[in-house]
Structure formats: C-alpha cells, structure tokens
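A look at the structure
What follows is the residue order along each chain.
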Amino acid sequence: MRNRLGLMSLLTASAVFPAVALAQVKPNATAADAGLYAAPDRLQKLIEGAKKEGELTLYTSAQSDDMGALVGAYEKKYGVKVSVWRASSEKVLQRAVAEARANRNTVDIVETNGPEMESLHREKVLQQVKSPHHADLIAPAMRPHGEWVGTRLNVFVQA
C-alpha cells in the first residue's frame, strides 16, 4: 500500500481548498502519523510528500464543473496530477468499500454525501486528519471522530 497522506493532507491544507477537508482512506502507520502532524512546518512537509508521490486519486459525486475548477487550481498550484473518478454517491461508497476490503487502496480522497461518508467511517475505511483550517469551518461540518468534514450544505424548506 502506498503512503498517500501527503497528497490528501496537502489538498485539505492548501489555500485552494481551505474548507474542503475530505476523507482519506486508511494508509500505513507512517501516513497516519502525518495526518495528525501539527508542527509549524506541516504544510512544507505535506507539499514535499505530495510532490514525491506525484498523483492524487479522488472519488467524488460532485458535479464535474465544480470539481474540475478545484482540481485545476490544485494541479496548477502544486504541480501534482489529480485523477478523478466521478459516480453517484452510492457507487463511490461501494467502490471505496470494495477496494478497502480487497486491500487495494488506490483512492486518496473520497468526496461525497454525508450518509455515505458516515458509512465509510463505520466500515473503518477512513483515517482521522487534523488541519488548522478546521477552525474556519462551521461547527456542523465537523464530525466528532474527525475522519471526514462536510463539504456541502443542503438546505431544505417547505413552501
């Protein structure tokens, strides 16, 4: 299994994605330590790790236009290629769980709806990541376990 935390954490810590602290598939122990790393040189270490790994794999159910703008800005800023697989939230969940059960962890980041993200938490597929940008988010975006952060706000009203 490749150590891919550098890419994921860099994505969540960058100025391009300040509020998008998505979810990361569990990597090896070294990467888990990096996810909780909070020293002042955190960003520099994450940039170095991302460039060393060279590519980020993202599974998402977000609209292509929205994700394309974020991915383009990330690639331009950090020089790291992003491979995007887009499908329904249910398919994203199924693929991430199937790969984790098969010990084939090719995905770095999962970005999809809350219920599916919580299912990934229950399946023990995700790892906790701490980012200084979490303090800038609204409280409901943060989950107590710290394994994923909401990236969408859906408002429903009766009329």
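In short, a report on the structure. Keep in mind that this is a model prediction, so the values were computed, not measured.

A word on the overall build of the protein
Tallying secondary structure elements over the protein gives six helices and four strands in all. Each helix and strand of the protein, ordered N terminal to C terminal, gives the series α-β-α-α-β-α-β-α-β-α. In the protein, buried positions account for 45% of the 159 residues. For the protein, the proportion of contacts with a sequence separation of at least 24, taken over those separated by at least 6, is 78%. Surface summary for the protein: the accessible area is close to 8,600 Å², and the carbon and sulfur share equals 54%.

With respect to the pattern of salt bridges
For the structure on display, the rule yields six salt bridges. Linking Glu-111 and Arg-152 is a salt bridge whose minimum nitrogen-to-oxygen distance equals 2.8 Å. Here Glu-111, found in strand β4 (residues 109-111), pairs with Arg-152, found in the segment after α6 (114-122); they are 41 residues apart in sequence, far enough to count as distant. For Glu-111, a relative accessible area of 4% corresponds to the buried category. Residue Arg-143 is joined to Glu-118 by a salt bridge in which the shortest nitrogen-to-oxygen separation is 3.7 Å. Taken as a pair, Arg-143 in the segment after α6 and Glu-118 in helix α6 lie far apart in primary sequence, 25 residues in all. One connected set of salt bridges, linked through shared partners, spans Arg-95, Glu-99 and Arg-104.

So, the layout of surface pockets
Roughly 390 Å³ of volume is contained in the largest pocket. Secondary-structure elements contributing two or more residues to the lining of the largest pocket are β4 and α6. The element best represented in the lining of the largest pocket is α6, accounting for three residues. Classifying every residue of the lining of the largest pocket gives 13 nonpolar, six polar and three charged.

Here we look at the packing of aromatic side chains
The final tally for this structure, using the stated rule, is two aromatic pairs. Each ring, one from Tyr-59 and one from Trp-85, has its centre 5.3 Å from the other, and the planes form 65°; the classification is edge-to-face. Of the two residues, Tyr-59 sits in strand β2 (residues 55-60) while Trp-85 sits in strand β3 (residues 81-86), which places them 26 residues apart along the sequence. Given a relative accessible area of 2%, Tyr-59 falls into the buried group. A residue is classified by how much of its surface remains accessible, and Trp-85, at 27% relative accessible area, is partly exposed. Taken together, a centroid distance of 5.3 Å and an interplanar angle of 50° make the contact between Tyr-74 and Tyr-78 tilted. With Tyr-74 and Tyr-78 both in helix α4 (residues 64-78) and four residues apart, this pair spans about one turn of that helix. Assigned by exposure class, Tyr-74 and Tyr-78 land together as buried. Here Arg-95 stacks its cationic end above the ring of Trp-85, 4.3 Å away from the centre of that ring.

Parameters and conventions
Residues numbered from 1 in each chain as written. Predicted model: local features only at pLDDT ≥ 70, side-chain atom pairs only at ≥ 80, totals over all residues. Heavy atoms only, no water. Helix = DSSP H or I, 4+ residues; strand = E, 2+ residues; numbered from the N terminus. Buried < 20%, exposed > 50% of the residue type's maximum accessible area, 1.4 Å probe, protein only. Contact = heavy atoms within 4.5 Å. Areas by Shrake-Rupley, 256 points an atom, 1.4 Å probe, with all protein chains shown as cover. Salt bridge = Lys/Arg side-chain N within 4 Å of Asp/Glu carboxyl O. 1 Å grid on protein atoms, 1.4 Å probe; cavity = no way out; pocket = protein on both sides within 12 Å on 5 of 7 lines; lining within 4 Å. Points joined across faces, edges and corners; volume = space filled by probe spheres on them. Nonpolar A, V, L, I, M, F, W, Y, C, P; charged D, E, K, R; others polar. Phe/Tyr/Trp six-rings, centres within 6.5 Å; stacked < 30°, edge-to-face > 60°. Lys NZ or Arg CZ within 6 Å of the ring centre and 35° of its normal.

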